[in-house]
Structure formats: structure tokens, C-alpha cells
Amino acid sequence: MPTLHRRSFLKRALGVGAAAVLGGRLTFAAQHAGAPLRVGASLPLSGPGLFEEDGLHQLLAYRFWQDEVNAEGGLLGRPVELIVYDDANEVEEAVASYRRLLDEDGVELLLGNYGSGLAGATIEVVEEARMPCVFPMAWQPSLWTQGHRWAAPLLPLASAVTEPLVDYLASEGLERVAIVWANNDYARDLADGLREAVRARGLTPVYEQEYGGMVDVDRALRQAAAEEPDVLAGGNLGEQIPELLDALGGPGVSFPRYAWFELDEPALLPHRDALEGMDGFGLWLPSMPYPGARRFVNDFTLRWEPEYPGKPIARMLDHHSSAGYAAAQVTQRAVEQAGTLEPAAVRDALFALDTTTVFGDFRLDERGVQVGKTVPVIGYRQGLRTTLWPERLTAVGAAAS
């Protein structure tokens, strides 16, 4: 795949020809049948760390949705033209991209960018422009407790994500919980919810410690083990779990059970032997029996495997790609229910939706907070990622990945 430069206008494989850039937003009178329907977003397609990979997976989901909807006759009878800019995981670039999409490219629909770090500033643009937009991968509580009327989350609040995991631990008879978490915003948000859920369900937190900085992970784990908990819970970004696994091999560090954050990350698959018997939450697995998920997995594989022969499809079929596709699903359903692209009508339909996507249930409460999505508990069993909780999502069994 060619290098994607910052703010590059992605035209490859969009399914329709690129139309001339229009000055300003299109009027509804100009939206005649058959004219391309422009849908815009920005994603981190370059930049540091794994953001470039995660952004690519979300982009492939958006492009897959575009191909699919166009093969079915378009949206409201019009072919979809996707415009995506590279924001390089920089707030200023993301804001500039969405303003350009609205003010220069004349997009009529928006799809959200990646991560809570960029979403905060982008939400302000969306709210000011009064354009509905679903954000697939942003769960920081402070983003969604302000009563937004145009921006909508696909994920539940990070403070609620770990509640099913604690329910599962309680059902297993585990009572004494040691909690450790990394010193970053992602882990802190999840740890806040984990500690609250532990106490709310009558379990006993015997140790709580953030690690990093003055407290290294080895010291935190040794101190936690000294309290003899039933389970060690918490963690870090999914791709950082190997750091924890290495620390568990140290002297005086042993626990009966483990419950980690984000255990569904494909980046962990090479460590499956060390993860055997461990549990954690997972936003999505290809085996989860949501409506249309099996078809999505099959068709996504057929669409992208030939174009990326050196990249394992299991790494591309993750919660970033499934959430990206689900955000597009939700947006499409809101438009079809409204029967128009008029922003307020689409917004009203979006906030009233009660539907199920390939990623799970979607339903917003009166605050505009996602309350439909249950974040399942998964575990590594016999080398496979397996859905453990709730029971309605365990029917298909382990994901052979």
C-alpha cells in the first residue's frame, strides 16, 4: 500500500469517481437523485505507535461499508463517495480536517475519527456545525456527559466497560480483588470504573495501585501478591499486556486468577501460551453471534485479504474495524429511518435508534450516552480467545484465531 501522507485526500478504491470540490456545504435543493453523497472523516493513517495500524483498520471498515452500500443501490438512491483525510493522530489536524470536510468538500454526512484524544476537539466542530456524527472508538467519560446533541458514541463510557467483567468475577466466587493499572488516561478511566464496580457488587478491594513513574510494575505486583487476593485485575493498553506477563514471572509474584483490560487485541495472539486461563474484557471477537457478524467477517476477509497478502486478516478483523463498520451501519439506519439527509431529522432518528449492529447493541440514553453495548468477558482457553460472559454471546464458542 502506498504511503499515506498527512492530510492526503484518499481516492483509491472509493467505488465512485472523485467529484469536483464544492465551495461550502451543499443545499438540500442541490441533492438531486443520483448525485454522489459525500461522507467524510479523518483518521490517524500516519504517526507514532500503533495508531497508524488502528486507523487503517477503521478506514478499511469505512471503505468496506461504502462498497457494500453502493452495491446495494446507494444511500437514499445516491452512490456514496467517501472522503478521508490523514490527521496523523494530531488534534489540530483532526479539527482542520473536519472543518475542511464541512466547509470546502461539501460533505452531507460525517463518520467519527479515532480515539478519545482526538474526539474531544472534533466533537466541538460537529456540535458547532450541527451535523450528526457517530464516533466508533471514544469512551472517555468526560466526552459524553455534557449533553451533546449531535455527536454520539458507539462505545459505553469507560467507567462502565468493566462492569460485566466484575459480574463474571463475582459469579465465579472471587471476592478479594487486587487492582493495578498503568499511569495513562486510558488505564485510569478503566480502573476508576473497575474499582467502583468491585465495591458496588460487594467484592473486597485488597490492594489498589497505579504503576509507572515512581512505582514500577514489578513492585506493584509484588505488593499486590502479598495481600493474597483471589484475582489480580487491571492492566494497560492491550498491546502492553506482555509487559505484565513478563513481570508475573518474577519472584514472589503469583495469583490464582487474572482479569486484564482489553484481552481481545489481536496483538496478543503470539502470547497465547502465557495468557492461557486468563480472563479480561474484549470489545469484539469475530465469533460473537451478532446479526450480520458472520457475513461481515467473511466478506471483509474476501475484500481485503488479496490487497494485503502480507498482513494476517486476524490482525485486521479487530474491534477497530468492526466498530468502524458498526458506526457506518448506525449512520445509514438513521438516514434511512429519517428518509432525508436533513441534519436535524437524521440526528433525531440517530438518538432514537434501538438497534443491533455487527459490534453489538446500540441505544443512547437521555444524556446521549451509549447504554446498549455490553462489553463481553473473554478468556484464553486451549490457545483460543473464547467468549465467557454473558451467556447469550457464548453460543458460537471459541474464536479460532
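Before going into details, it helps to say that this report is about the structure given with it. Worth saying up front: this structure is predicted, and the values here are computed from it rather than measured. (Residues numbered from 1 in each chain as written. Predicted model: local features only at pLDDT ≥ 70, side-chain atom pairs only at ≥ 80, totals over all residues. Heavy atoms only, no water.)

1. Some details on the overall build of the chain
Reasoning step 1: Scanning the chain from N- to C-terminus turns up 14 helices and 14 strands.
Reasoning step 2: For the chain, buried positions account for 57% of its 401 residues.
Reasoning step 3: Sequence-distant contacts in the chain: of pairs separated by 6 or more residues, those separated by 24 or more amount to 69%.
Reasoning step 4: About 15,200 Å² of surface is accessible on the chain, with carbon and sulfur atoms providing 49% of the total. (Helix = DSSP H or I, 4+ residues; strand = E, 2+ residues; numbered from the N terminus. Buried < 20%, exposed > 50% of the residue type's maximum accessible area, 1.4 Å probe, protein only. Contact = heavy atoms within 4.5 Å. Areas by Shrake-Rupley, 256 points an atom, 1.4 Å probe, with all protein chains shown as cover.)

2. What about the pairing of strand β13 (residues 377-381)?
Reasoning step 1: In terms of burial, β13 is a largely internal element, 4 of the 5 residues being buried.
Reasoning step 2: Two elements, β13 and strand β14 (residues 384-389), share 5 bridges in a ladder whose sense is antiparallel. Along β14, the bridge assignment pairs Y380 with R385.
Reasoning step 3: With antiparallel pairing between neighbouring strands as the criterion, β13 and β14 make up a hairpin whose turn holds 2 residues, including Q382 at a positive phi of roughly 55°. (Pairing = 2+ DSSP bridges.)

3. Notes on the side chain of R257
Reasoning step 1: The residue R257 is located in the loop between α9 (241-247) and β9 (258-260) in this model.
Reasoning step 2: In this structure the side chain of R257 is engaged in a polar contact, spanning 2.9 Å, whose partner is the side chain of D279.
Reasoning step 3: If near-sequence neighbours (up to four positions away) are discounted, R257 is found in contact with Y168, E172, L174, D230, V231, L232 and D279. (Polar contact = N/O pair within 3.5 Å; in protein donor to acceptor, adjacent residues only side chain to side chain.)

4. Section: unusual backbone geometry
Trans peptide bonds make up most of the peptide bonds, and negative phi angles are found at most residues other than glycine.
Reasoning step 1: Each neighbour pair has its own omega, and for W389 with P390 the value is 0°, a cis peptide bond.
Reasoning step 2: Mapped onto the fold, P390 is located in the segment after β14.
Reasoning step 3: In the Ramachandran plot, A88 falls in the positive-phi region, its phi being about 55° despite a non-glycine side chain.
Reasoning step 4: Tracing the backbone through its elements, the reader meets A88 in the loop between β2 (80-86) and α2 (91-103).
Reasoning step 5: Residue class for A88 comes out buried when judged on its relative accessible area of 4%.
Reasoning step 6: One non-glycine residue, Q382, lies in positive phi territory at about 55°.
Reasoning step 7: By relative accessible area, Q382 is classed as exposed at 75%.

5. Concerning empty space enclosed by the protein
Reasoning step 1: Taken as a whole, this structure holds 2 cavities of 30 Å³ or more when the rule is applied.
Reasoning step 2: Put simply, the largest cavity is a space of about 70 Å³.
Reasoning step 3: Around the largest cavity, the lining comprises 11 residues; the ones closest to its centre are E53, D54, E265, A267 and R315.
Reasoning step 4: Top contributing element to the lining of the largest cavity by residue count: helix α1 (residues 51-71), with 3 residues.
Reasoning step 5: The residue inventory of the lining of the largest cavity, partitioned by class, reads 3 nonpolar, 2 polar and 6 charged.
Reasoning step 6: Its volume calculated, the second largest cavity comes out at about 40 Å³.
Reasoning step 7: For the second largest cavity, the full set of lining residues is L110, P132, C133, V134, T331, A334, V346 and L350.
Reasoning step 8: Split into classes, the residues belonging to the lining of the second largest cavity amount to 7 nonpolar, 1 polar and no charged. (1 Å grid on protein atoms, 1.4 Å probe; cavity = no way out; pocket = protein on both sides within 12 Å on 5 of 7 lines; lining within 4 Å. Points joined across faces, edges and corners; volume = space filled by probe spheres on them. Nonpolar A, V, L, I, M, F, W, Y, C, P; charged D, E, K, R; others polar.)

6. Points about a negative patch on the surface
Reasoning step 1: Negative charge collects at one region of the surface, where D216, D218, E243 and D246 lie side by side.
Reasoning step 2: When you line up the elements, E243 lands in helix α9. (Patch = residues over 30% accessible without salt bridge, like charges linked within 9 Å, V, L, I, M, F, W, Y side chains within 5 Å. Salt bridge = Lys/Arg side-chain N within 4 Å of Asp/Glu carboxyl O. Lys, Arg positive; Asp, Glu negative; His and termini not counted. Charge placed at Lys NZ, Arg CZ, Asp CG, Glu CD.)

7. Quick look at the layout of surface pockets
Reasoning step 1: Here the largest pocket defines a volume of roughly 600 Å³.
Reasoning step 2: In terms of lining residues, the largest pocket is bounded by 25 residues, among which F51, Y114, G115, Y186 and L237 are the most central.
Reasoning step 3: Along the lines of polarity and charge, the residues of the lining of the largest pocket split into 11 nonpolar, 8 polar and 6 charged.
Reasoning step 4: What the second largest pocket holds in volume is close to 180 Å³.
Reasoning step 5: Along the wall of the second largest pocket there are 16 residues; nearest its centre are P156, A160, E163, V371 and K373.
Reasoning step 6: Secondary-structure elements contributing two or more residues to the lining of the second largest pocket are α5 (158-161) and α6 (163-171).
Reasoning step 7: The leading source of residues in the lining of the second largest pocket is α6, at 3 residues.
Reasoning step 8: Taken together, the residues of the lining of the second largest pocket sort by class into 8 nonpolar, 3 polar and 5 charged.

8. Here's the deal with helix α14 (residues 343-352)
Residues that lie three or four places apart on an α-helix share one face, since the helix turns once every 3.6 residues.
Reasoning step 1: Taken residue by residue, α14 has P343, V346, R347, A349, L350 and F351 as its buried positions.
Reasoning step 2: Contacts from the buried residues of α14 go to β4 (133-135), β5 (151-153), α13 (319-338) and β12 (360-363).

9. Some remarks on the packing of α13 against α14
Reasoning step 1: Closest axis-to-axis distance for the α13/α14 pair is 8 Å, and the angle between their directions is 115°. For α13 against α14, the interelement crossing comes out right-handed. Contacts from V330, A334, V335, Q337 and A338 of α13 reach α14 at A345, V346, A349 and L350.
Reasoning step 2: Of the residues contributing to the contact of α13 with α14, the split by class is 8 nonpolar, 1 polar and no charged. (Axes fitted to C-alpha atoms, helices over the stretch in contact; angles between N-to-C directions. Left-handed = near helix turned anticlockwise from the far one by under 90°.)

10. A look at the sheet that holds strand β6 (residues 176-182)
Reasoning step 1: Ordered in space as β7-β6-β8-β9-β10-β13-β14, the 7 strands form an open sheet in which the pairing is mixed. Two strands in the sheet have a free side with no partner beyond their single neighbour: β7 (204-211) and β14. The average angle at which neighbouring strand axes cross in this sheet is 25°, direction not considered.
Reasoning step 2: Sheet topology note: the β9/strand β10 (residues 279-281) ladder contains 2 bridges and is parallel. For W260, the partnering residue across the bridge sits in β10 and is G280.
Reasoning step 3: Contacting β6, β7, β8 (231-235) and β10, helix α7 (residues 185-200) runs over the sheet at an angle of about 165° to β6.
Reasoning step 4: Its contacts with the sheet place helix α8 (residues 217-226) against β6, β7 and β8, and it is angled at close to 170° to β7.

From the geometry alone we can't say anything about function, so treat these as descriptive.
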